[in-house]
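# Fold and contact review
Listed here are the chains, written in short residue letters.
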Amino acid sequence: MDWRKGRLLAGIIGLAAFAWGCSGEDPAEAIRAQEIARTRTLLSNQCQTDADCVVTGCRGTMCRAMAEEAFCVHRLVIALDEATDLEAVQRIVALKLTAREAETVRAGGYAAGQWTLSFHASASQRRRIETTLEHLAHSGLGRLHPRAEAQSRALFEALSPSDADISLKTMQGAGPLIEKQIRSGDVLTKSDIRDVWQQLATALDGIQFSQEDELERFWAYDILTGRIAFLRLWPMDRRQRISLKHWIDFSHYFENGDWHVRGELSSEMAKMLERWTGDGILVGLLLGNEVIASGLARGVIEDGRFAFILRGVVDNEDLRESLEVLALVAQMKGGVHLVPGATALVERDIACHEKHPRQCACLDGTCGWHLNLEYNACLYENSPGEDSR
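One structure accompanies this document, and this report is about it. The shown structure was predicted, so the numbers you read here are calculated from the model rather than taken from an experiment.

### So, the overall build of the protein chain
- Of the regular secondary structure elements, the protein chain holds 13 helices and 16 strands.
- For the protein chain, with 389 residues in total, the buried portion stands at 47%.
- Summed over all atoms, the accessible surface of the protein chain reaches about 20200 Å², with 50% contributed by carbon and sulfur.

Right under this line is the structure:
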């Protein structure tokens, strides 16, 4: 039961108490009797199996017989530079979810230039979506930072004492790059390995680098799968990248075992890519901060048009998904930004439930909640103020 129903029920009970008071009955006893009867009804309809309440959630956000901590309803508030990009953002989020989870993606208005995205997914899926949205501006072509070797060695010295799975491995054209071995007795999917990246990214945030390095470099990663899986970290040049917003055209197709990514650049960006090809610089095709493919920049750029060929890669759903997301990013006219303060407000019911847990019940075949006045009061106390940003 939401807070509006709670207020309505409280009002009805109040009117009933007034009527009983006029008839000489004890209002408190009458209200208590009604609450006992109502509770008995709720308990008789209490969820017994997962099938009783088919909508799943976590931390009591939505009703289910036994809430799963790993599967939650999430709400994120985003700000868009261009309102017309909302559909593309929804599709990007849907592509990062499973087919069943993708069906739950919804968008609603929040404030001027801001929208609420909601979806059902695991906590790790949510983190992956947040990371993707936060780093969409990095998507496109990026070059390895000129001081990549020094930065990789500095990071190795910081991480290796506390992590035996960290090593430095030399890559042609890039020098030594950090690799982290993923240990598991099971076959890992790329989604599982990306969860390790989320944990590693938290460790990176706690390491102090020079201010100049932080301004000029961001960490990207790619996934190496085989008998043993690895995460490889790339120090990319923040100031030398060709963002997809500068691409005039983007297309991709699979032919003869190779993926072909084609694009057309503005004249300024085309000159930058020509410099990279002339210097033989290692270039990565980036989706956010994930390296989809890498190689030495070679070839001829004619009238701003170029082709990036991914030779001999496996034609799998994961790569197809990444290229589809890149195509959507290329269509966007502006940027997307997470709004943490507003997100906390739209998820305040989660925090209130943790303080004042509600009990789930099935009422007439629909998931509902026992009345909890403390929970309703919590919602009032944490209602949005004048500035919800």
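### Describing the pattern of salt bridges
- Overall, the coordinates contain 11 salt bridges when judged by the stated rule.
- The residue R143 makes a salt bridge to D237 at a minimum N-O spacing of 3.9 Å. Of this pair, R143 sits in strand β4 (residues 140–144) while D237 sits in strand β8 (residues 229–243); the two residues are 94 residues apart in sequence, bridging distant segments of the chain. There is no split in this pair, since R143 and D237 are both buried.
- A salt bridge links D222 to R232; its shortest N-O distance comes to 2.7 Å. In this pair, D222 sits in strand β7 (residues 217–224) while R232 sits in strand β8, placing the two residues 10 residues apart along the sequence. Neither D222 nor R232 differs from the other in exposure class; each is buried.
- Through salt bridges that share partners, R147, E216 and R239 make up one connected network.

### Things to note about helix α5 (residues 123–134)
- For α5, spanning 12 residues, the distance from its first C-alpha to its last is 17 Å, which sits close to the expected 16 Å at 1.5 Å a residue.
- Those residues of α5 that sit buried are S124, Q125, R126, R128, I129, T131, T132 and L133.

### Considering the packing of aromatic side chains
- Evaluation of the coordinates by the stated rule reveals four aromatic pairs.
- Their ring planes at 20° and their centres at 4.5 Å tell us that W197 and Y221 sit as a pair that is stacked. Residue W197 is found in helix α7 (residues 190–205), and its partner Y221 is found in strand β7; the two are separated by 24 residues along the sequence.
- Among the aromatic residues, ring-to-ring pairing joins W247, F250 and F306 into one connected group.

### Re the sheet that holds strand β9 (residues 247–255)
- Strands sit in the order β9-β10-β13 across an open sheet of three strands; the sheet is antiparallel. The two strands at the open ends of the sheet, each matched to only one other strand, are β9 and β13 (305–310). The sheet shows a mean angle of 15° between the axes of neighbouring strands, taken without regard to direction.
- The sheet contact formed by strand β10 (residues 258–265) and β13 spans six bridges and is antiparallel. Paired with R262 across the two strands is A307, which belongs to β13.
- Helix-sheet contacts for helix α10 (residues 317–331) involve β9, β10 and β13, and the interaxial angle to β9 is about 160°.

### With respect to the packing of helix α3 (residues 86–95) against α10
- The N-to-C vectors of α3 and α10 enclose an angle of 170°; their axes lie 10 Å apart at closest approach. Compared by their axis directions, α3 and α10 come out roughly antiparallel. Between α3, through A88, R91, I92 and L95, and α10, the contact on the second element is made entirely by E321, E324, V325, L328 and V329.
- Its residues placed into classes, the contact of α3 with α10 shows six nonpolar, no polar and three charged.

Definitions and limits used
- Residues numbered from 1 in each chain as written.
- Predicted model: local features only at pLDDT ≥ 70, side-chain atom pairs only at ≥ 80, totals over all residues.
- Heavy atoms only, no water.
- Helix = DSSP H or I, 4+ residues; strand = E, 2+ residues; numbered from the N terminus.
- Buried < 20%, exposed > 50% of the residue type's maximum accessible area, 1.4 Å probe, protein only.
- Areas by Shrake-Rupley, 256 points an atom, 1.4 Å probe, with all protein chains shown as cover.
- Salt bridge = Lys/Arg side-chain N within 4 Å of Asp/Glu carboxyl O.
- Expected span 1.5 Å × (residues − 1).
- Phe/Tyr/Trp six-rings, centres within 6.5 Å; stacked < 30°, edge-to-face > 60°.
- Pairing = 2+ DSSP bridges.
- Axes fitted to C-alpha atoms, helices over the stretch in contact; angles between N-to-C directions.
- Contact = heavy atoms within 4.5 Å.
- Parallel < 35°, antiparallel > 145°, perpendicular 65-115°, else oblique.
- Nonpolar A, V, L, I, M, F, W, Y, C, P; charged D, E, K, R; others polar.

Function cannot be inferred from these measures alone, as they are strictly geometric.
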